[in-house]
Amino acid sequence: MKKVLIGLLLLFLAACSNSEQKSSVESAKMDQTMIEKKIEKKGEMETVEAKSAASTYSNERKVMYTANITAEVVSYDETIANLTKKAESRGGYIIQSNAVEQDGKIEAYVTFRIPQNELQRFIEEVKKASKSVKSEQMTGEDQTEEYVDLNSRLKSKQAVEARLLKFMESAEKTEDLLKISKDLAAVQEEIEQLKGRIKYIENRTDYATVELQLTEIKSHENFSKDFNTWEKTKEQFLTSIHWIVQAASWIVVLVVGNLPIVLLALIIFFFVYRTFKKKQEKTE
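These remarks concern the structure in this document. (Residues numbered from 1 in each chain as written. Predicted model: local features only at pLDDT ≥ 70, side-chain atom pairs only at ≥ 80, totals over all residues. Heavy atoms only, no water.)

### Overview of the overall build of the chain
Put simply, the rule is: Under the scheme used here, helices are H or I runs from DSSP no shorter than 4 residues and strands are E runs no shorter than 2 residues, and both carry numbers assigned from the N terminus. A simple rule labels every residue: compare its accessible area, found with a 1.4 Å probe on the protein chains alone, to the largest value its type can have, and call it buried under 20%, exposed over 50%, or partly exposed in between. Computed with the Shrake-Rupley method and a 1.4 Å probe, the accessible areas treat only the protein chains shown as cover for residues.
Scanning the chain from N- to C-terminus turns up nine helices and five strands. Along the chain direction, N to C, the helices and strands of the chain fall in the order α-α-β-α-β-β-α-β-α-α-β-α-α-α. A total of 284 residues make up the chain; the buried ones form 24% of that total. Carbon and sulfur atoms provide 57% of the accessible area of the chain, an area that totals close to 20,500 Å².

The following block contains the structure:
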């Protein structure tokens, strides 16, 4: 009888132990599931935040403007110095300047960044500083849609980041902390990428790009050619000599080159004339 009672007691204790283990396992699974469901809700939060951000930025236009101007200037150094001062006074700056001398002329490529509200005024300054403007072109690239989308995504990611930080504070288990930390690191990386792209678009749309292609035409050379009578006389004299030499050369080439034909024509003319002369003498 005692053995039977002892056996029943052991079975009862074993059953209680199994029940406690199952309940603890189920509790842990429930906690993990709750955390995972909370994290999965970040997709829904992104949609709500996106709608809010879109309404905030929908009225703003973000356009990247680029102006291309080709012009001739009297002095490259003076022109660049002058335009750099004008750009700085209007809140702009020069970002590139390359000059190459070819065939006695300086060809330069210069790039300025100018605040958009000062763009037209700076272009007028470029025209004033130039001897002549050969071409002018303006292009714009609308970045509004991308800008709104980036800000929407940024707000959504920031909301997710805040919630993950709260989950981390309340998490008690190591495995939960590891999972939340991993998700948090991924979200923070995306936030930095979004901020970098937004900053780039803001800079490119707040400041227009002005690309200049300049050719230097020296003023003293122009003055010498336009107003120096003696130089012009010598030039005209040399031009006349050149034409006379060319004409004489052409005559010599024509005569010498066609000499066989000329000789043949003279011989034929001689025989024809001689025959005609003889007939005329007989007639008389």
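Don't stop here, the text continues.
### Section: the packing of aromatic side chains
The test is simple: Here the aromatic set is Phe, Tyr and Trp, taking the six-membered ring for Trp, and pairing holds for ring centres within 6.5 Å; pairs whose planes are under 30 degrees apart are stacked, those over 60 apart are edge-to-face, and all others are tilted.
Applying the stated criterion across every chain yields a total of two aromatic pairs. Here the aromatic rings of tyrosine 93 and tyrosine 207 are separated by 5.8 Å at their centres, their planes lie at 50°, and the arrangement is tilted. Residue tyrosine 93 is located in strand E2 (residues 93-102), and its partner tyrosine 207 is located in strand E5 (residues 207-216); the two are separated by 114 residues in the primary sequence. For tyrosine 93, a relative accessible area of 32% puts it in the partly exposed group.

### A closer look at the sheet that holds E5
Convention followed: Here the rule is simple: two strands pair whenever DSSP picks up at least two bridges between them. Think of each axis as a best-fit line through the C-alpha atoms, taken over the contacting stretch in the case of a helix, with angles from 0 to 180 degrees between the N-to-C directions. By definition, residues are in contact when any of their heavy atoms lie within 4.5 Å.
Judged by pairing direction, the sheet is mixed, and its five strands sit side by side in the order E2-E3-E5-E1-E4 without closing on themselves. Two strands in the sheet have a free side with no partner beyond their single neighbour: E2 and strand E4 (132-142). Averaged over all pairs of adjacent strands, the angle between their axes in this sheet comes to 10°, without regard to strand direction. With eight bridges joining them, strand E1 (residues 63-73) and E5 adopt parallel strand pairing. If you follow threonine 70 over to E5, its bridge partner there is glutamine 213. The strands that helix H3 (residues 76-89) touches are E1, E2, strand E3 (105-115) and E5; relative to E3, the one it contacts most, it runs at about 0°.

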